[in-house]
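In case you want the letters, here they are:
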Amino acid sequence: MTDAKTQIAETVKANDVVLYMKGTKDMPQCGFSSRVAGVLNFMGVEFSDINVLADDAIRQGIKDYSDWPTIPQLYVKGEFVGGCDIITEMTLSGELDTLFDQNGVAYDKEAANKIREANA
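Residues numbered from 1 in each chain as written. Predicted model: local features only at pLDDT ≥ 70, side-chain atom pairs only at ≥ 80, totals over all residues. Heavy atoms only, no water.

**So, the overall build of the chain**
- The helix and strand inventory of the chain stands at six helices and four strands.
- For the chain, the sequential pattern of α-helices and β-strands runs α-β-α-β-α-β-β-α-α-α.
- In terms of C-alpha radius of gyration, the chain reaches 14 Å, essentially the compact-globule figure of 14 Å for 120 residues.
- Taken along the three principal axes of its C-alpha coordinates, the chain extends 45 × 30 × 20 Å.
- Partitioning the intrachain contacts of the chain with sequence separation of at least 6 by distance along the chain shows that 60% fall at a separation of at least 24.
- Approximately 6,400 Å² of the chain is accessible, and the part contributed by carbon and sulfur atoms is 46%.
- For the chain, the separation between the mean place of its 11 positive charges and that of its 19 negative charges on side chains is 2 Å. (Helix = DSSP H or I, 4+ residues; strand = E, 2+ residues; numbered from the N terminus. Rg over C-alpha atoms; globule rule 2.2 N^0.38 Å. Contact = heavy atoms within 4.5 Å. Areas by Shrake-Rupley, 256 points an atom, 1.4 Å probe, with all protein chains shown as cover. Lys, Arg positive; Asp, Glu negative; His and termini not counted. Charge placed at Lys NZ, Arg CZ, Asp CG, Glu CD.)

**Thoughts on the environment of methionine 43**
- Among the structural elements, methionine 43 can be located in the loop between helix 2 (31-42) and strand 2 (48-51).
- When the C-alpha positions of methionine 43 and phenylalanine 100 are compared, they lie 11 Å apart, and in sequence the two are 57 residues distant.

**What to know about the nonpolar core**
- Ranked by size, the top nonpolar core spans 23 residues in total, and within it Leu19, Leu40, Met43, Val45, Leu74, Leu96 and Phe100 carry the most contacts.
- Of all the secondary structure elements, the ones that give two or more residues to this core are strand 1 (17-21), helix 2, strand 3 (73-76), helix 4 (84-93), helix 5 (95-102) and helix 6 (109-118).
- The greatest single-element share of this core, amounting to four residues, is contributed by helix 2.
- Counting ten residues, the second largest nonpolar core, distinct from the first, contains Ala4, Ile8, Tyr20 and Ile71. (Core = buried A, V, L, I, M, F, W, Y, C linked by side-chain atoms within 4.5 Å. Buried < 20%, exposed > 50% of the residue type's maximum accessible area, 1.4 Å probe, protein only.)

**Here's the deal with the side chain of serine 66**
- Topologically, serine 66 is positioned in helix 3 (residues 56-66).
- Accessibility expressed as a relative area gives 17% for serine 66, which makes it buried.
- A polar atom in the side chain of serine 66 sits 3.0 Å from the backbone oxygen of isoleucine 62.
- Reaching out from serine 66, the side chain makes a polar contact with the side chain of glutamine 73 at a distance of 2.9 Å. (Polar contact = N/O pair within 3.5 Å; in protein donor to acceptor, adjacent residues only side chain to side chain.)

See below:
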């Protein structure tokens, strides 16, 4: 498990935005992963997608690393942000925009507003 934790730590530190998910950003393999990847894709966020289904050590390792039991898991600038419910709430409240702004992560503000308008 140490190798997986080391790999995870290096990945989240080397990339501004990382999504540990089931499947890939182009082909999510669960609804929760699809929702978070869909939000990031729609907002034009550049992010690294890590398919936990491809590696059992990473699948368990990410849960141990974050002390969070579910997948997907979003990291911004090396920090764990949350899973599907948290990202959904942050998107709708505007907190995700603020987090991206504070961390210099590029995204389409107009797209973020469209998500909120569609869910109002």
